[in-house]
Amino acid sequence: MIKKAVIPAAGYGTRFLPITKSQPKEMIPIVDTPVIQYVVEEAVASGITDILMIIGKGKRAIEEHFDRSPELEESLQQKQKLDILEKIKKISKLANIHFVWQKEMNGLGDAIRYAKYHVGNEPFAVLLGDTLIGGNGDPITKQLMDVYDRYNGSVVALEKVDPNLVNRYGVIDGKPMENDIFLANDWVEKPNPEEAPSNFAVASRYVFTPEIFDYLEKTGRGKNNEIQLTDAMRAMVKDQAMYGLKIDGTRYDIGNKMGFLKTNIIYGLQDEEIGDELKIWLKKFVEKI
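My aim in this report is to walk through the structure given alongside it, one point at a time. Every value quoted in this text rests on a predicted model; they were computed, and no experiment measured them.

### Quick notes on the overall build of the protein chain
- In terms of regular secondary structure, the protein chain is built from 11 helices and 13 strands.
- Here the C-alpha atoms of the protein chain give a radius of gyration of 20 Å, agreeing with the 19 Å that 2.2 N^0.38 yields for 289 residues.
- With the C-alpha coordinates of the protein chain rotated into their principal frame, the extents come out at 60 × 50 × 40 Å.
- The 289 residues of the protein chain split such that 47% are buried.
- Contacts in the protein chain between residues at least 24 apart in sequence constitute 76% of all its contacts with a sequence separation of at least 6.
- Accessible surface computed for the protein chain: about 15,400 Å², of which carbon and sulfur atoms make up 48%.
- Across the protein chain, 38 positive and 43 negative side-chain charges occur, with their mean positions spaced 3 Å apart.

Take a look at the structure:
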């Protein structure tokens, strides 16, 4: 049973400057909850109990968010704001959360290398800290874990994208098996549309065997002079079976402004407190445009 997860959250968030000059992009709220809390809740709902976050300079707010705040709790208690108090207490009890600092911004592959000694010789999940995946049924991380249990191999979440947009993503070169599962032959980073082996893009969730660390150690600097996770995956798939699972749901990329705004609207419409009021306002606003 997979119990450990790694959440890389060390990037600069340059697409959200100036707010990310002092505020981690992972702490940007969707309605009233930071993106990274949703990610942690997905991991916990999947059965994860132990989470390592890879953070960097300027990310201290993430640590503070998942720690207790006795002064705030006492204040809420005195004001009898017990519903909010319960929400605040719940955050620090979600899982055993640990932090390690990525000393230099050397890419996603380098960030995951920092988890080697924490993970040990166990399979583990990776969830990117700026992406949400919504849908019906089990969380996507749980679905990946189920595929791992069935095939005993690393598995990556896949999203079907517009063929003309594959040059924005890493994609799988593989063959369909059953139940939206693919057997990977290769992984291709941002191919030209006319050369892409598929339009199934890697969708920010992974389950790896611990051998991925061996390949990351051997991976040199690639695109943007960084250690790319895709390069390690390309080497790994030559030696052992790897799989992809087409997600049954919607991926929300909070790492860009348009994705952030769309996600806030969607989650706002689903919010019990403000959803109905927002729907009425939004309809009237659109009619005036």
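### Thoughts on the nonpolar core
- Judged by nonpolar contacts, the single largest core of 45 residues is most densely connected at Ile51, Met53 and Phe66.
- Take this core: its biggest share by element is 6 residues, from helix 7 (residues 140-151).
- Apart from residues lying up to four places away in sequence, Phe66 is in contact with Ile36, Gln37, Val40, Met53, Ile91, Ser92, Leu94 and Ile97.

### Some details on unusual backbone geometry
- Of note, the bond from Leu17 into Pro18 is cis; its omega dihedral lies within 30 degrees of zero at 10 degrees.
- You can see Pro18 is positioned in the loop between strand 1 (4-9) and strand 2 (29-30).
- If you check the backbone angles, Val31 has positive phi at about 65 degrees while not being a glycine.
- With respect to the secondary-structure elements, Val31 resides in the loop between strand 2 and strand 3 (33-34).
- Positive phi values are uncommon outside glycine, yet Ser204 reaches one of about 70 degrees.
- Structurally, the position occupied by Ser204 is in strand 11 (residues 200-208).

### Considering the pairing of strand 1
- Summarising burial for strand 1: 6 of the 6 residues are buried, a large majority.
- Burial along strand 1 is two-sided: Lys4, Val6 and Pro8 facing one way and Ala5, Ile7 and Ala9 facing the other are all buried.
- As defined by bridge partners, strand 1 adjoins strand 4 (residues 50-55) across 6 bridges and the pair is classed as parallel. Bridging from a neighbouring strand, Val6 pairs with Leu52 of strand 4.
- Bridging between strand 1 and strand 6 (residues 124-127) involves 2 bridges; their strand directions are parallel. Residue pairing in the sheet places Ala5 in a bridge with Ala125 of strand 6.

Scoring rules and cut-offs
- Residues numbered from 1 in each chain as written.
- Predicted model: local features only at pLDDT ≥ 70, side-chain atom pairs only at ≥ 80, totals over all residues.
- Heavy atoms only, no water.
- Helix = DSSP H or I, 4+ residues; strand = E, 2+ residues; numbered from the N terminus.
- Rg over C-alpha atoms; globule rule 2.2 N^0.38 Å.
- Buried < 20%, exposed > 50% of the residue type's maximum accessible area, 1.4 Å probe, protein only.
- Contact = heavy atoms within 4.5 Å.
- Areas by Shrake-Rupley, 256 points an atom, 1.4 Å probe, with all protein chains shown as cover.
- Lys, Arg positive; Asp, Glu negative; His and termini not counted.
- Charge placed at Lys NZ, Arg CZ, Asp CG, Glu CD.
- Core = buried A, V, L, I, M, F, W, Y, C linked by side-chain atoms within 4.5 Å.
- Pairing = 2+ DSSP bridges.

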